[in-house]
Amino acid sequence: MLTRQDALILIDQQMNPLGSEVFPIEEAMNVVLSEPLYSLLDVPPFHKSAMDGYAIAKGETSMQLSVSYTLKAGALPPQEIQLGTAVKVMTGAQVPQNTLRVEQLEDTAPTGKQEIRISSLTGRPNICLKGEDVQAGEMLYAPGERITSLKLANAISCGITHLTGYPVPKVGILVTGDELVDVGAERLESQIFDSNGPMLRHTLKSLGFSVGFNERSTDVLSKMMDVVLKGLEQVDVLMVSGSVSAGDFDFVPEVMRKIGAKILFQNVAIKPGKPIGCYTRAGRVIVALPGNPVAAYVGLLLFGLPVLYRLQASRYQPEIKQITLIEELVRTSAEREEFLPMRLDPTGAYSLVQYNGSAHLSALSQSNGLLIFPRGRFRFEPGDLAEVIRF
């Protein structure tokens, strides 16, 4: 059976990134750069005051000064500072060209109308120099970097209006099963509320992906195929939850066959989530996740996110922590790589969560990590090192 590592290699080798586009800077959140981004400006673009205070001229010898005018942020200095005078400046204001330093407001005392006494002619300049943060022409970010809110803000401060990069993939979610009803709706005793749809949707949104298609299908082959085709017309990646195994009503593999989708992989040696599949069709990707919620979430982390990142010419790198076990862990089968819900605290201490299997959503909700039990390993001893995927 295919290993997780082999499946990830197939994703890297068989999927092509979306086409690079030019984006207005304010629409570039979560775009991955395909070209380097260079500053168009010095930052700051002028010498500016680091605080509210009084600008003092170079060569000044008097500590008793008259205030000639006031500069607020955004105003151009009308003239240089004359000896014997000071200019009152606000934080961020451009200082006159011949400014030696800015005396902090709290270190001055009024001695009359428009007259002040400063405490010292020396000390910290309290001036942010032109270009001390970024220089014009300096590379801000390299190809492959994802635009975050802070990078976007910095790019704007550097005069950037557009950038070139890989767009955020449009994602759709299709949840299958006659047993599912919407939250708050009346349900039969044999039905359950659809939790996978909201779980997948909000997880993806929290990571910056756009979810524009959100549907549910009954366990009828023709209807499921219709919804899959509808979704593929609207999105780059369709995440399907449920109907992926070998039951009488698990129609996703048959739907993929009927619509002519290419199999990238089906069934991976992991637990939970063995029936997971990945398919491509006409430039679109289908990630088929199991219906049990823990398996669906694990599949999203292990394969769904790598697919989305690959479409942006990047690679998903989950946060991996190494812990020292304080207890023995034993399992009876080692045919698959296994992922156990657990909780890590900021000190590095951990606790395994009581876990009853891939339908145990409550256990997952109390966790912030998955302990990796490698394929072929039956036992961990106290003192052994283990890896944990954080989420």
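Everything here concerns the structure above.
A brief report on the enclosed structure follows. A quick note: this is a predicted structure, and the numbers were derived from the prediction, not measured.

A closer look at the overall build of the chain
Then comes step 1: Across its full length, the chain holds 7 helices and 29 strands.
Then comes step 2: The dimensions of the chain, computed from C-alpha atoms along their principal axes, are 90 × 50 × 45 Å.
Then comes step 3: By the burial criterion, 45% of the 391 residues in the chain qualify as buried.
Then comes step 4: Taking contacts inside the chain between residues at least 6 apart in sequence as the whole, the part at least 24 apart equals 71%.
Then comes step 5: Taking the 36 positively charged and 42 negatively charged side chains of the chain as two groups, their mean positions are separated by 2 Å.

Overview of the sheet that holds strand 21 (residues 277-281)
Across a sheet, strands are paired by hydrogen bonds formed along the backbone, either parallel or antiparallel in direction.
Then comes step 1: Taking strand neighbours across the sheet as the criterion, the 6 strands line up as 17-14-18-22-21-19 in an open arrangement whose pairing is mixed. Looking at which strands have only one partner, the edges of the open sheet turn out to be strand 17 (210-217) and strand 19 (262-266). In this sheet, adjacent strand axes meet at a mean angle of 15 degrees when their direction is disregarded.
Then comes step 2: Examined bridge by bridge, strand 14 (residues 170-176) and strand 17 share 7 bridges and lie parallel to one another. Opposite Gly172, over in strand 17, you have Phe213 as the bridge partner.
Then comes step 3: The strands that helix 4 (residues 221-232) touches are strand 14, strand 17, strand 18 (237-241), strand 21 and strand 22 (284-289); relative to strand 17, the one it contacts most, it runs at about 170 degrees.

Description of the packing of helix 3 (residues 196-206) against helix 6 (residues 293-310)
Then comes step 1: Viewed as axis vectors pointing N to C, helix 3 and helix 6 meet at an angle of 35 degrees, and their least axial separation amounts to 11 Å. For the pair helix 3 and helix 6, the crossing hand works out as right-handed. On helix 6, the residues touching Asn196, Met199, Leu200, Thr203 and Leu204 of helix 3 are Pro293, Ala296, Tyr297, Leu300, Leu305 and Leu308.

Here's the deal with the side chain of Ser243
Then comes step 1: As for its position among the elements, Ser243 is in the loop between strand 18 and helix 5 (252-258).
Then comes step 2: Its relative accessible area of 7% is what places Ser243 among the buried residues.
Then comes step 3: Within the structure, Ser243 has its side chain in polar contact with the backbone nitrogen of Phe251 (distance 2.5 Å).
Then comes step 4: What Ser243 contacts, discounting residues up to four positions off in sequence, is Thr176, Met224, Phe249, Asp250, Phe251, Val252 and Pro253.

Re helix 3
Then comes step 1: For helix 3, the full list of buried residues reads Asn196, Gly197, Met199, Leu200, Arg201, Thr203 and Leu204.
Then comes step 2: In this fold, the buried residues of helix 3 make contact with strand 14, strand 17, strand 18, strand 22, helix 6 and helix 7 (361-365).
Then comes step 3: Positive backbone phi, at 95 degrees, marks Gly208, one or two positions downstream of helix 3.

Describing the nonpolar core
Then comes step 1: Ranked by internal contacts, the top residues of the largest apolar core, which has 43 residues, are Leu204, Phe265 and Phe303.
Then comes step 2: Of all the elements in the fold, those that place two or more residues in this core are helix 1 (4-14), strand 14, helix 3, strand 18, strand 19, strand 22, helix 6 and strand 27 (369-373).
Then comes step 3: No other element matches helix 6, which puts 12 residues into this core.
Then comes step 4: Excluding its chain neighbours within four sequence positions, the residues that come into contact with Phe303 are Arg4, Ala7, Leu8, Ile11, Phe265, Val268, Ile270 and Ile276.

So, the sheet that holds strand 7 (residues 85-89)
Then comes step 1: Ordered by their spatial adjacency, 6 strands build an open sheet running 8-5-7-6-10-9, and the pairing between neighbours is mixed. Pairing within the sheet leaves two strands with one partner each, and these edge strands are strand 8 (99-104) and strand 9 (108-112). Across the sheet, the axes of successive neighbouring strands diverge by a mean angle of 40 degrees, strand direction being ignored.
Then comes step 2: By the bridge criterion, 5 bridges tie strand 6 (residues 64-71) to strand 7 in an arrangement that is parallel. Note on strand 7: the bridge partner recorded for Leu71 is Val89.

The rules we used
- Residues numbered from 1 in each chain as written.
- Predicted model: local features only at pLDDT ≥ 70, side-chain atom pairs only at ≥ 80, totals over all residues.
- Heavy atoms only, no water.
- Helix = DSSP H or I, 4+ residues; strand = E, 2+ residues; numbered from the N terminus.
- Buried < 20%, exposed > 50% of the residue type's maximum accessible area, 1.4 Å probe, protein only.
- Contact = heavy atoms within 4.5 Å.
- Lys, Arg positive; Asp, Glu negative; His and termini not counted.
- Charge placed at Lys NZ, Arg CZ, Asp CG, Glu CD.
- Pairing = 2+ DSSP bridges.
- Axes fitted to C-alpha atoms, helices over the stretch in contact; angles between N-to-C directions.
- Left-handed = near helix turned anticlockwise from the far one by under 90°.
- Polar contact = N/O pair within 3.5 Å; in protein donor to acceptor, adjacent residues only side chain to side chain.
- Core = buried A, V, L, I, M, F, W, Y, C linked by side-chain atoms within 4.5 Å.

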